[in-house]
Amino acid sequence: MNWLVLLGLVAFSECIVKIPLTRVKLMRETRSEKNMLNNFLKEHAYSLYLTSSPGSNITTHPLRNIQDIFYLGNITIGTPPQKFQVAFDTGSSDLWVPSVLCSSRFCSSHVLFRHRESSTFQPTDTGFRIEYTSGTMKGVVVHDTIRIGDLVSTDQPFILSVNNSGFDEMPFDGVLGLGYPNLSLTGCIPIFDNLKNQGAISEPVFAFYLSKSKQEGSVVMFGGVDKSYYQGALNWVPLIQADDWHVHMDRISINSGVIACNGGCEAFVDTGTTLIYGPGRLVDNILRLIGATEHYVSCSAVNTLPSIVFTINGINYPLPAQAYAIKDSSGDCYIGFRENQANTSTETWILGDVFLRQYFSVYDRGNDRIGLAQAV
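Residues numbered from 1 in each chain as written. Predicted model: local features only at pLDDT ≥ 70, side-chain atom pairs only at ≥ 80, totals over all residues. Heavy atoms only, no water.

*Asks:* Sorry, what's going on with the packing of aromatic side chains here?
*Replies:* Where two aromatic rings form a pair, the distance of their centres and the angle of their planes describe that pair. Within the structure shown, the criterion is met by 25 aromatic pairs. Ring centres of tyrosine 317 and tyrosine 359 lie 5.1 Å apart, and the angle between their planes is 90°; on these two criteria the pair is classed as edge-to-face. Of this pair, tyrosine 317 sits in strand S21 (residues 315-319) while tyrosine 359 sits in strand S26 (residues 359-364); the two residues are 42 residues apart in sequence, bridging distant segments of the chain. A relative accessible area of 3% places tyrosine 359 in the buried class. Chaining the aromatic ring pairs together yields one cluster made of Tyr180, Phe192, Phe206, Phe208, Phe222, Trp245 and Tyr363. Positioned over the ring face of tyrosine 180 is arginine 365, at 4.4 Å from the centre of the ring. Over the ring of tryptophan 236 we find arginine 369; its NZ or CZ atom is 3.8 Å from the centre of that ring. (Phe/Tyr/Trp six-rings, centres within 6.5 Å; stacked < 30°, edge-to-face > 60°. Helix = DSSP H or I, 4+ residues; strand = E, 2+ residues; numbered from the N terminus. Buried < 20%, exposed > 50% of the residue type's maximum accessible area, 1.4 Å probe, protein only. Lys NZ or Arg CZ within 6 Å of the ring centre and 35° of its normal.)

*Asks:* How do you make sense of the environment of threonine 346 when you look at a structure like this?
*Replies:* Here threonine 346 shows up in the loop between strand S24 (337-339) and strand S25 (348-351). Take threonine 346: its relative accessible area is 40%, and that puts it in the partly exposed class. Spatially, the C-alpha atoms of threonine 346 and glycine 264 are 9.7 Å apart, while their sequence positions differ by 82 residues.

*Asks:* Is there a simple way to think about unusual backbone geometry in this case?
*Replies:* Of all residues except glycine, most have a negative phi; of all peptide bonds, most are trans. A cis geometry characterises the amide bond from threonine 79 onward to proline 80, with omega recorded as 0°. Mapping proline 80 onto the fold places it in the loop between strand S5 (70-77) and strand S6 (82-89). Notably, glutamate 294 is not glycine yet its phi reads approximately 50°, a positive angle. Along the chain, glutamate 294 turns up in the loop between helix H4 (280-289) and strand S19 (296-297). Residues other than glycine seldom take positive phi values, yet histidine 295 does so here, at roughly 75°. By relative accessible area, histidine 295 is classed as partly exposed at 23%.

Have a look at this one:
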């Protein structure tokens, strides 16, 4: 997950679990917008309920959209279940939620896990600290039963946070990582691997559909793919290595002219990142070519801007201006490209939600590949 903003089939299986996600927007550090978020939360009380399609193995959850950037879904932890709203993140592999023992400001406004109320809770003496770009999370590794819809992971290790700094305005309760096990900072088995090992899913596959403008409709699905969420062919891209959701990208172009990734580069497909990130000088060049001023363009000019084409494994994935120019709460349109401040030896891009709203994405652990198709 990239925290600079605020912080991925053919139908493989008859057993597909779909978890709707919630989209949430970056809250700027202003008092008025903090108040706006607080008022929104008060006026839109959230009640989690479970719905299942009759005669099918597909399970869905209701969505909650908080102003259009984050995609959040619901899980439960413990026995009896305690409900949490988390970010499903292909850029990390650990799961964390705040503990009732947490005393930081973040924890005062979020759901807290009450370990004493769970009969399946198992403590450990392993403390942990995670440093993000925008803050720090400290906690302890514990075990309990975790449910994602009808999927049940028993004896699942996760982190109970006892202190969070830098995340006070974040609308999620925690983060659920869907990366490879080697990315686990705790060294514990990620929840997807545990579900696979325990036979909860018949195929080691999950997929994301991120809605473009609707308040509802986004889902993450496990164990297979629902073809109704994409059109045309599902194109498979092999991973560079079977250790992270990153692929080789051929080039980035505008009007057939290469503007970045000339000769190839690496791209991470990250559902936990809001925008698209790349090297600063190349992002600046893209902004210059489309006439953006400090990342902004006139909303009236969006329809005249060119598509930006990402070529991956020989297939072109055009991103129209309506996808990369995003109208904010003030009525202005900002361009969804930002500088990737991570130091890498090769040119590296992060394809976040700006890209993934346009393209349905499938993450195939069994074959170490990513599938992309035009989202409906």
